[in-house]
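Letter by letter, the chains look like this.
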Amino acid sequence: MLEDSSFAIHPGSEQQSEAVVYRDIGAVKELEKENGSYQFVCANGRVAIRFYTESIVRIVMNPKGEPIWDKTRSVVAEAKQVNVEENDTAELYELKTTELHLSITKSPFRISLYDRTGRELVSEAEHGMAWQENGEVAVCKQMQENDHFYGFGEKAGFLDKRGEMYEMWNMDVYAPHNPETDPLYESIPYFMTLRNGKAHGIFFDNTYRSWFDMRTFTDRYVYRAEGGQLDYYVMAGPDPKHVLEQYTYLTGRMPLPPKWAIGYHQSRYSYQTEEEVRDVAQHFIDRNIPIDVLHLDIHYMNGYRVFTFDEERFPNPEKLVQDLNEMGIRVVPIVDPGVKKDPEYPTYQEGVTGDLFCKYLEGDIYFGDVWPGTSAFPDFTDEKARKWWGEKHRFYTNIGVEGIWNDMNEPAVFNETKTMDVQVMHRNDGSPATHRELHNLYGMLMGKATYEGLKNQLKGKRPFLLTRAGFAGIQRYAAVWTGDNRSFWEHLQMSLPMVMNLGLSGIAFTGPDVGGFAHHSNGELLTRWTQVGAFTPFFRNHSAIGFLYQEPWRFGEKYEAVIKEYIEMRYRWMPQLYSLFAKASSRGLPVMRPLFMEFPDDEKTYNLNDQFMIGDNVIVAPILAPAVVDRAVYLPEGEWIEVSSGKVYQGKSTYLVHAELEDLPLFIKKGTTVMQTDWTSNKDKSWKRVRMDIYAGDKGEHYRFTYYDDDGESFAYQHGSYLELEVEVVSTEEAVKVDIVDRRGDYVPAYQQIDIHVIGRKDSQDVILNGEKENGNNYLSLTE
Ligand code: GLC
């Protein structure tokens, strides 16, 4: 009988001499119902099922006892009251909501899930849920021939993850970031399956080291973790966008960042003195190159002690921050978690006397080597430590800092395992657990401590936080950059699918170090990378000690001019980008998207790695190799206008396009529109004029979008102070009609009107604004 037998489903076990023995969950013995949840007592463990919404179901298998519902740091949603239709036959239990249909065989216990149309989402066959004596939990799902996999957070390699195997274990990887380098700094144990144009998602809410294997078997995939419960959610979709809305409904969405954080950031490991920082800032001002942020890397500190400035090199940080703020530049200092072991250093003293550092069960503080030498690490799993750490940021906010950069928060330790001893026992807000269990949460909880501290101190201003490590839900606190890449063309190429998959994992505000961190950049690479950076949600040029400086002017005038042009372009696109950030904040949709997100029925987009979309109507097809000035571009359904030339391309075809160093192939769908402003100056970056560029169609194209704006710096938007315009554009042979079909919020921006600019209009076409034929008043008033 199955429940008495053990078998091997360990990925790769076919090749292994010693099979790993898993115990199957076995047959259902009993069903207990309680408060909207169903608990199946099976031969080898218990499985509980609860619907969170009509389209999200949570499944928890606990081999050792009662499934535990309330132990998660990633999920912020509560289960809603959902009506479930039940059906119990000799072989099956069926549970149905309006969107999901669960069918469970009783012997052995196997789950299949369908959407309301009967489309199969996930199913189990010979193998289902299982566990090992050593605590490992696993589940095996059927994989269909046309399944494509996306998400998994920050992963190297191509967009479509079919054929890959990934590990979730936050890891500091300085080098090499090859296609097979895994794991990296972020762990997002979540993915989306695209099958025949429809999508569904799975979020495996387990913080232990875990693996997703879409490689070993041709007909099934497995995900498993070293310990804990087999706790996962299935999201019904049916479109990729729905899956993301569902996933971010569970794990939360990004609060709107301040507008300045969406601008250009310049960094270096490190600008080592106040003079150097001022000099870099002055270069930007003198050259009139847009910049919003200068980062201070570890050299600003006294011996790498966090919450200090080196008195010789940074004698007057307050004046520095103020002067830069007056130039229109924010200062974002780095803060690492390691606190130097130094009995004369107040932060260390407080951590020890306040009992705030990570410790072993036996009571000894854990020490590890990082930049400052031997260091202790705050226990961010503990509310007391989080509060303390958050409060410590007054050190920065008191001198005018509004953003912080968290690094080394995997946590990174200079030892063989690259991290903290897994035997460290975290306080975990009253339910102590080992670092083995909570490792992947460390960076996110540092982010929580920091973000909440900053928010508290900034008195209504939005903080900005950048992080290297994170877990599912990190988007609630921080933007993510992709760590220590190199100044290689290959890394520029790899950053596209990586950032797209991060976006598909709920993290919209993300980007790589533009120009490459380690190794020497060069003019051509930096120029091409800046062209991409102008459109990646997070836009920061950063480079490492010991390698060439790579500020925009470092490689000569020829390159500087083009780099400047593209940083300016970023600022011209701000109204469009900000509207997309608002969508990320309200619905969880990425700013930078793979094409399949908008064209899920088009197979050509399923593994398209070298182009991406901004929102739903703009395709960016950058040049990603040296000396290349021609490239193939795939354009999906529709008609597309090349922005630089005005040339119209018919979709569903591949074209060879030409792009000299100063060109970035950029295509906008006919019949749609983008919002633009002018770049004015660093000192005053407020939008003086906002323009709606309509790319006229003539085939009855119908386009709707939401224009969003607010003060860009406060939380007043959460209380109604925003402007949201629901705009509809209809293009026919006779007319281009623009209608504001809805207006929400009570914010009135200083620019008071939106200029309308129709591109590619035919003589036969009238422009009709809000039902009236335009008679020279080519604008929409925001004050009427
Ligand atoms: C890590 C970071 C990098 C930073 C350096 C020094 O390598 O990833 O961005 O510059 O540490 O702080």
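About the thresholds
Residues numbered from 1 in each chain as written. Predicted model: local features only at pLDDT ≥ 70, side-chain atom pairs only at ≥ 80, totals over all residues. Heavy atoms only, no water. UniProt positions renumbered as here; feature names shortened; annotations may be inferred. Helix = DSSP H or I, 4+ residues; strand = E, 2+ residues; numbered from the N terminus. Rg over C-alpha atoms; globule rule 2.2 N^0.38 Å. Contact = heavy atoms within 4.5 Å. Areas by Shrake-Rupley, 256 points an atom, 1.4 Å probe, with all protein chains shown as cover. Expected span 1.5 Å × (residues − 1). Buried < 20%, exposed > 50% of the residue type's maximum accessible area, 1.4 Å probe, protein only. Axes fitted to C-alpha atoms, helices over the stretch in contact; angles between N-to-C directions. Parallel < 35°, antiparallel > 145°, perpendicular 65-115°, else oblique. Pairing = 2+ DSSP bridges. Salt bridge = Lys/Arg side-chain N within 4 Å of Asp/Glu carboxyl O. Phe/Tyr/Trp six-rings, centres within 6.5 Å; stacked < 30°, edge-to-face > 60°. Lys NZ or Arg CZ within 6 Å of the ring centre and 35° of its normal.

Going by the annotation in an unreviewed UniProt entry, the name recorded for the protein chain is Alpha-glucosidase, with Sediminibacillus halophilus given as the source organism. Note on the protein chain: under the UniProt heading Sequence similarities (unreviewed entry), the record states "Belongs to the glycosyl hydrolase 31 family."

K.L.:
What should I look at first to understand the overall build of the protein chain in this one?
P.N.:
The number of helices and strands found in the protein chain is 12 helices and 53 strands. At 27 Å, the protein chain has a C-alpha radius of gyration in line with the 28 Å of a compact globule built from 784 residues. Its C-alpha atoms put the protein chain at 80 × 70 × 50 Å along the principal axes. Put simply, 68% of the contacts in the protein chain that link residues at least 6 apart link residues at least 24 apart. Carbon and sulfur atoms make up 46% of the accessible area of the protein chain, which amounts to about 27900 Å² in all.

K.L.:
Explain helix α11 (residues 557-572) here, please?
P.N.:
For an α-helix, 3.6 residues make a turn, and residues three or four places apart therefore share a direction. Spanning 16 residues, α11 covers 22 Å between terminal C-alpha atoms, matching the ideal 22 Å at 1.5 Å per step. Where α11 is concerned, the buried positions are Tyr559, Glu560, Val562, Ile563, Tyr566, Ile567, Glu568, Met569, Arg570 and Tyr571. Where α11 is buried, its residues contact α10 (523-533), α12 (574-587), β44 (666-669) and β45 (672-677).

K.L.:
Quick question: what am I supposed to make of the side chain of Asp231 here?
P.N.:
By the secondary structure assignment, Asp231 is in strand β21 (residues 230-235). Asp231 gets classed as buried once you look at its relative accessible area, which sits at 3%. Setting aside anything within four residues of it in sequence, one finds Asp231 in contact with Arg58, Ile59, Val60, Phe203, Phe204 and Asp205.

K.L.:
Sorry if this is basic, but what is going on with the packing of helix α2 (residues 274-286) against helix α3 (residues 317-327) here?
P.N.:
For any two helices packed against each other, the geometry is given by the interaxial angle and the distance between the axes. Axis separation between α2 and α3 bottoms out at 11 Å; the angle between their running directions is 5°. By the angle between their axes, α2 is roughly parallel relative to α3. On α3, the residues that touch Glu274, Val277, Arg278, Ala281, Gln282 and Ile285 of α2 are Pro317, Lys319, Leu320, Asp323, Leu324 and Met327.

K.L.:
I would appreciate a short explanation of the pairing of strand β50 (residues 753-759) in the present structure.
P.N.:
Consecutive residues of a regular strand have side chains that alternate between opposite faces of the sheet. Inspection of the sheet shows strand β46 (residues 690-695) paired to β50 by 6 bridges, in the parallel sense. Across the sheet, the residue bridging to Asp693 is His757, located in β50.

K.L.:
Sorry, what's going on with the pattern of salt bridges here?
P.N.:
Scanning the entire structure with this criterion turns up 65 salt bridges. A salt bridge links Asp239 to Lys198, with the nearest nitrogen and oxygen atoms 4.0 Å apart. Of this pair, Asp239 sits in the loop between β21 and α1 (240-251) while Lys198 sits in strand β18 (residues 198-204), placing them 41 residues apart in sequence. For the salt bridge of Asp323 with Lys319, the shortest nitrogen-to-oxygen distance reads 2.9 Å. Note that Asp323 and Lys319 are positioned in helix α3 at a spacing of 4 residues, about one turn of the helix. Through salt bridges with shared partners, a single ionic network connects Glu639, Lys670, Asp698, Lys699, Glu733 and Lys762.

K.L.:
What is the right way to read the packing of aromatic side chains from this model?
P.N.:
When we look at a pair of aromatic rings, we describe it by the centre distance and by the angle of the planes. All chains considered together, the criterion is met by 58 aromatic pairs. Through pairs of rings, three or more aromatic residues link up here, namely Tyr300, Phe307, Phe309, Phe314, Tyr348, Phe357, Phe380, Trp388, Trp389, Phe395, Tyr396 and Tyr442. Here Arg50 stacks its cationic end above the ring of Trp69, 4.2 Å away from the centre of that ring. Just above the ring of Tyr174 sits the side chain of Arg486; from NZ or CZ to the centre is 5.0 Å.

K.L.:
Sorry if this is basic, but what is going on with unusual backbone geometry here?
P.N.:
The bulk of non-glycine residues show a negative phi, and the bulk of peptide bonds are trans. A cis amide bond links Ala175 to the next residue, Pro176, at an omega of 10°. Along the chain, the position of Pro176 falls in the loop between β15 (165-168) and β16 (186-187). A cis amide bond links Glu410 to the next residue, Pro411, at an omega of -5°. Considering the arrangement of structural elements, one finds Pro411 in the loop between β28 (403-406) and β29 (425-426). You will see that Phe152, though not glycine, has its phi angle at about 65°, which is positive. Along the chain, Phe152 turns up in the loop between β14 (147-151) and β15. Judged by relative accessible area, Phe152 falls into the buried class, the value being 0%. Even without being a glycine, Lys418 presents a positive backbone phi close to 70°. By relative accessible area, Lys418 is classed as partly exposed at 33%.

K.L.:
For this particular structure, what's the right way to read the UniProt feature "domain: DUF5110" (unreviewed entry) in the protein chain?
P.N.:
Taken from the UniProt record, the annotation "domain: DUF5110" (unreviewed entry) applies to residues 692-760. Helix makes up 0% of residues 692-760 and strand 57%. Its end C-alpha atoms lie 14 Å apart.

K.L.:
I tried to follow the UniProt feature "domain: Glycoside hydrolase family 31 TIM barrel" (unreviewed entry) in the protein chain on my own but got confused; where do I start?
P.N.:
As annotated in UniProt, the feature "domain: Glycoside hydrolase family 31 TIM barrel" (unreviewed entry) corresponds to residues 255-580 in the numbering used here. Between the end C-alpha atoms of residues 255-580 the distance is 13 Å, and the span holds 35% helix and 14% strand.

K.L.:
Just to check I follow, could you spell out α2 for this structure?
P.N.:
The end-to-end C-alpha distance of α2 is 18 Å, a good match for the 18 Å that 13 residues give at a rise of 1.5 Å each. Among the residues of α2, those classed as buried are Glu274, Glu276, Val277, Val280, Ala281 and Phe284. Buried residues belonging to α2 abut β22 (265-266), β23 (293-296) and α3. Looking one or two residues past α2, Asn288 carries a phi angle of roughly 50°, positive in sign.

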